Amino acid sequence: GGLLWVVGLVLLVPVLLATAFWFLLPRETFWQVFTKPQTQRGLDLAGVREHLRNHTILHIGGLHRSGTTLLWEALARHPAISRL
């Protein structure tokens, strides 16, 4: 009884979400959501090291309402900074 209901719900929720996304999102956005991102960039170990030698990775983290969003937005506006 109860276990079968939970299993059915677990199987039904992804189908319902995918159907909702299909109707609500533009087609190109739908396929971006449901396709695996490209993980191979064609760089070998030396290429990765060279790329990291010329770039700095910055991770901004903090407590809630501590100004991290404001800092991120200010840094993102700078033309020499690429944001993710």
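Look a little higher up for the structure.
The residue numbering used here restarts from 1 in each chain and proceeds along that chain's sequence as written. In keeping with the predicted nature of the model, local features appear solely for residues at pLDDT of at least 70, side-chain atom pairs appear and are counted solely at 80 or more, and the whole-chain, interface and lining totals rest on all residues. Note that the side-chain values use all heavy atoms of the structure and ignore hydrogens as well as water.

Visitor: Explain the overall build of the protein to me, please; I cannot follow it from the model alone.
Guide: In this description a helix means any DSSP run of H or I spanning at least four residues, a strand means any run of E spanning at least two, and both kinds are numbered starting from the N terminus. Check the secondary structure of the protein and you find 4 helices and 0 strands. Helices and strands appear in the protein in the N-to-C order α-α-α-α. For the protein, the C-alpha radius of gyration of 21 Å lies well beyond 12 Å, the compact-globule estimate for 84 residues. Each principal axis of the C-alpha distribution contributes one length, and for the protein these read about 60 × 40 × 30 Å. Sorting the 84 residues of the protein into buried and exposed places 4% on the buried side. Accessible surface is estimated by sampling points in the Shrake-Rupley manner with a 1.4 Å probe; for residues, cover comes only from the protein chains shown. Put simply, the protein shows about 8,200 Å² of open surface, and 66% of that area lies on carbon and sulfur atoms. When the 8 positive and 4 negative side-chain charges of the protein are each reduced to one mean point, those points stand 6 Å apart. Throughout, the radius of gyration refers to the C-alpha atoms, and the reference size of a globule is 2.2 Å times the residue count to the power 0.38. The classification of residues rests on relative accessible area computed with a 1.4 Å probe and restricted to protein chains. Under 20% of the type maximum is buried, over 50% is exposed, and intermediate values are partly exposed. We score Asp and Glu as negative and Lys and Arg as positive, and we do not count His or the chain ends. Lysine's charge is taken at NZ, arginine's at CZ, aspartate's at CG and glutamate's at CD.

Visitor: Sorry, what's going on with the pattern of salt bridges here?
Guide: Any two side chains of opposite charge can pair if their charged atoms end up close together. Salt-bridge detection follows one rule: a side-chain nitrogen of Lys or Arg within 4 Å of a carboxyl oxygen of Asp or Glu. Scanning the model with the defined rule gives 1 salt bridge in all. Here Glu50 and Arg53 are joined by a salt bridge, their closest N and O atoms 2.6 Å apart. Residue Glu50 and its partner Arg53 are both found in helix 3 (residues 45-53); the two are separated by 3 residues, about one turn of the helix. The exposure class assigned to Glu50 is partly exposed, which follows from its relative accessible area of 39%.

Visitor: Quick question: what am I supposed to make of the environment of Leu71 here?
Guide: Within the fold, Leu71 resides in helix 4 (residues 68-76). For Leu71, a relative accessible area of 42% translates into the label partly exposed.

Visitor: Would you take a moment to explain unusual backbone geometry for this structure?
Guide: Glycine aside, the phi torsion of most residues is negative, and most peptide linkages are trans. Positive phi outside glycine occurs at Arg65, with the angle close to 60 degrees. The exposure class assigned to Arg65 is exposed, which follows from its relative accessible area of 86%.

Visitor: Got a minute to help me understand a nonpolar patch on the surface in this structure?
Guide: Patches here: salt-bridge-free residues with over 30% relative accessible area, like charges joined within 9 Å, nonpolar side chains (Val, Leu, Ile, Met, Phe, Trp, Tyr) joined within 5 Å. Residues Trp5, Val6, Leu9, Val10, Val13, Leu17, Phe21, Val33 and Phe34 make up a contiguous nonpolar surface patch of about 820 Å² in total accessible area. The element contributing the most residues to the nonpolar patch is helix 1 (residues 2-24), with 7 residues. In this structure, Val10 sits in helix 1. For Val10, a relative accessible area of 54% gives the class exposed.

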